[in-house]
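Listed below, chain by chain, are the residues.
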Amino acid sequence: MTNLKLHASAPADLDGDLASLRGDCARMAPRWAAPEKITSRPVSPSLIHGVTVPAKSARLLEAMPDYGN
């Protein structure tokens, strides 16, 4: 016969609250190293070539107040 009991180290409550999520993140944080700070510099427009944007994407951005109007 198959043993259907599960032994998990985490609570089985999949709909946990924010406090539970924060606790999970706090436990995982030491396992991940932060990437080195990468600073990007502006690129001269003369160096940008060969970029094509589909018409649908251009119209979408044009219709967004933050970008087009």
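It should be noted that the structure appears before, not after, this text.
Let me sum up the structure you'll find in this document. These numbers were taken from a predicted model, which means no experiment stands behind them.

1. Considerations on the overall build of the chain
Part 1 of the reasoning: From N to C terminus, the chain includes two helices and zero strands.
Part 2 of the reasoning: Expressed as a percentage of its 69 residues, the buried residues of the chain come to 0%.
Part 3 of the reasoning: Split by element, the accessible area of the chain, about 7600 Å² in all, is 60% carbon and sulfur.

2. Describing the pattern of salt bridges
Part 1 of the reasoning: Inspection of every chain in the model, using the stated rule, returns one salt bridge.
Part 2 of the reasoning: Here R27 makes a salt bridge to D24, at a shortest N to O gap of 2.3 Å. Of this pair, R27 and D24 both sit in helix 1 (residues 18–28), three residues apart, which is roughly one turn of the helix.
Part 3 of the reasoning: In this structure R27 comes out as exposed when scored by relative accessible area, which is 54%.
Part 4 of the reasoning: For D24, a relative accessible area of 34% corresponds to the partly exposed category.

3. Things to note about a nonpolar patch on the surface
Part 1 of the reasoning: Residues V43, L47, I48, V51 and V53 make up a contiguous nonpolar surface patch of roughly 510 Å² in combined accessible area.
Part 2 of the reasoning: Checked against the element boundaries, I48 lands in the loop between helix 1 and helix 2 (55–63).
Part 3 of the reasoning: Take I48: its relative accessible area is 51%, and that puts it in the exposed class.

Thresholds, definitions, all that
- Residues numbered from 1 in each chain as written.
- Predicted model: local features only at pLDDT ≥ 70, side-chain atom pairs only at ≥ 80, totals over all residues.
- Heavy atoms only, no water.
- Helix = DSSP H or I, 4+ residues; strand = E, 2+ residues; numbered from the N terminus.
- Buried < 20%, exposed > 50% of the residue type's maximum accessible area, 1.4 Å probe, protein only.
- Areas by Shrake-Rupley, 256 points an atom, 1.4 Å probe, with all protein chains shown as cover.
- Salt bridge = Lys/Arg side-chain N within 4 Å of Asp/Glu carboxyl O.
- Patch = residues over 30% accessible without salt bridge, like charges linked within 9 Å, V, L, I, M, F, W, Y side chains within 5 Å.

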